[in-house]
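Observations on chain architecture
Here's the letter readout for the chains.
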Amino acid sequence: QVQLVESGGGLLQAGVSLRLFCAASGRTFSSYTMAWFRQPPGKVREFVAVIHFTGGMTSYADSVKGLFTISRDNAKNTVTLQMNSLNPEDTAVYYCAADQYGWSTSSHDYDYWGQGTQVTVSS
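What comes next concerns the included structure. (Residues numbered from 1 in each chain as written. Predicted model: local features only at pLDDT ≥ 70, side-chain atom pairs only at ≥ 80, totals over all residues. Heavy atoms only, no water.)

Within this structure, the stated rule accounts for seven aromatic pairs. Seen in terms of ring centroids, Y32 and Y112 are 5.9 Å apart; in terms of plane orientation they differ by 80°. Their pairing is edge-to-face. A residue pair is termed long-range when its members are at least 10 positions apart, and Y32 in strand β4 (residues 32-39) and Y112 in strand β10 (residues 112-113) qualify at 80 residues. A relative accessible area of 21% places Y112 in the partly exposed class. Measuring from centroid to centroid gives 5.3 Å for F53 and Y101, while their planes differ by 85°, and the two rings are edge-to-face. Residue F53 is found in the loop between β5 (46-51) and β6 (58-60), and its partner Y101 is found in the loop between β9 (92-100) and β10; the two are separated by 48 residues along the sequence. (Phe/Tyr/Trp six-rings, centres within 6.5 Å; stacked < 30°, edge-to-face > 60°. Helix = DSSP H or I, 4+ residues; strand = E, 2+ residues; numbered from the N terminus. Buried < 20%, exposed > 50% of the residue type's maximum accessible area, 1.4 Å probe, protein only.)

Written out as structure tokens, the structure reads:
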């Protein structure tokens, strides 16, 4: 129903900014709430940010509020995560996820996932 592909990850030094991209295939992209999750090495997957399928609401993990921004462009079937002031604690595999008509910060509620993109931040 929807396929997701993340891109934009890489190796960076602390303090810099990076933008991640998620490209979605399918004709019903606008009906999907889109979220970003991340999984640091050796840790469980955690919520980062979510944008409602209407585009009218966003929510962020406390750890990234004021630093990360999620946005979507339904005309291009894309969702982005702008990450500023990166810290080594932000090192993780970042995943894009989709949940039709949803509103959740739990990974268990998302039905579709991308393959992930690695973000590594060195001090």
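So that's the structure; there's more coming.
One pass over the structure, following the stated rule, counts one disulfide. A sulfur-sulfur distance of 2.1 Å marks the disulfide that ties C22 to C96. Because the sign of the S-S torsion sets the handedness, a value of about -80° for the bond joining C22 and C96 places this disulfide among the left-handed ones. Taken as a pair, C22 in strand β3 (residues 18-25) and C96 in strand β9 lie far apart in primary sequence, 74 residues in all. Summarising the burial analysis for this pair, C22 and C96 share the class buried. (Disulfide = S-S within 2.5 Å.)

Keep in mind these values describe shape, not function.
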